[in-house]
Amino acid sequence: MERRFFADAMLGKLAAWLRAAGCDVAYSRDIGDDDLIRRAKEEERLILTRDTLLARRRWARENHFLVEGDRWRDQLRQVTAAFGIDPFAGFLTRCLRCNEPLAGAASESVERLVPPYVRSVTDLFRECPACGRVYWPGTHRERMEGELRRIVERQ
Ligand SMILES: [Zn+2]
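Bear in mind that the values here come from a model prediction, so they are computed numbers and not experimental data.

(A) Spatial organisation of the nonpolar core. In this structure, Leu-14, Leu-18, Leu-48 and Leu-76 are the most contacted members of the largest nonpolar core, which totals 29 residues. Breaking this core down by element, the ones donating at least two residues are strand E1 (4-7), helix H1 (12-20), strand E3 (46-49), helix H4 (72-82) and helix H6 (139-153). Considering every element that reaches this core, the biggest residue donor is H1, with five residues. Grouped together as the second largest cluster of nonpolar side chains are nine residues, Ala-26, Ile-31, Ala-40 and Ala-60 included.

(B) Geometry of the side chain of Gln-75. Looking at where Gln-75 falls in the secondary structure, it is placed in helix H4. Dropping the residues within four chain positions of it, Gln-75 is found in contact with Leu-11, Leu-14, Arg-50, Val-67, Glu-68, Gly-69 and Asp-70.

(C) Structural detail: the sheet that holds strand E5 (residues 103-105). Ordered in space as E5-E6-E7, the three strands form an open sheet in which the pairing is antiparallel. Taken across any chain shown, the strands that pair with only one partner, and hence form the sheet edges, are E5 and strand E7 (134-135). Sheet analysis places strand E6 (residues 125-127) next to E7, joined by two bridges and oriented antiparallel. Looking at E7, one finds that Glu-127 is bridged to Val-134.

(D) Local environment of the pattern of salt bridges. For the coordinates displayed, the defined rule picks out 15 salt bridges. Linking Arg-50 and Asp-70 is a salt bridge whose minimum nitrogen-to-oxygen distance equals 2.5 Å. Here Arg-50, found in the loop between E3 and helix H3 (52-55), pairs with Asp-70, found in the loop between strand E4 (64-66) and H4; they are 20 residues apart in sequence, far enough to count as distant. The exposure class assigned to Arg-50 is partly exposed, which follows from its relative accessible area of 30%.

Conventions we followed
- Residues numbered from 1 in each chain as written.
- Predicted model: local features only at pLDDT ≥ 70, side-chain atom pairs only at ≥ 80, totals over all residues.
- Heavy atoms only, no water.
- Core = buried A, V, L, I, M, F, W, Y, C linked by side-chain atoms within 4.5 Å.
- Buried < 20%, exposed > 50% of the residue type's maximum accessible area, 1.4 Å probe, protein only.
- Helix = DSSP H or I, 4+ residues; strand = E, 2+ residues; numbered from the N terminus.
- Contact = heavy atoms within 4.5 Å.
- Pairing = 2+ DSSP bridges.
- Salt bridge = Lys/Arg side-chain N within 4 Å of Asp/Glu carboxyl O.

Written out as structure tokens, the structure reads:
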């Protein structure tokens, strides 16, 4: 079964990059420890945390992964290695903002949101059903993919 995570409030950047890698990662910037543990338990998610106090809490104790390092690149390398995540298998299949799996979108339906130039070169649009953000292939995507490759392939 695919592993599901709940990233603590300090790990926003890691959460976004894990989502870019296709992982199911819940994250809330303002969530308190009690709510985080309760939601992680309800949603059967493994807590990703840097907080050793949180990690010692009831239920969290057996259901967390302690993330090391202050830098998100190191954190990402650590988590993908620990869980054997191939970050390219599901690359950009989830919304970076809300973690929702993206759905295919027709060129006409994204007309208002996508620059005309982009629509003239591709029709591979994906849309977040929750927030409506539209994703498409292009230089931004390539930059992210390159960044990801540098991170996970560095030994
Ligand atoms: Zn979204």
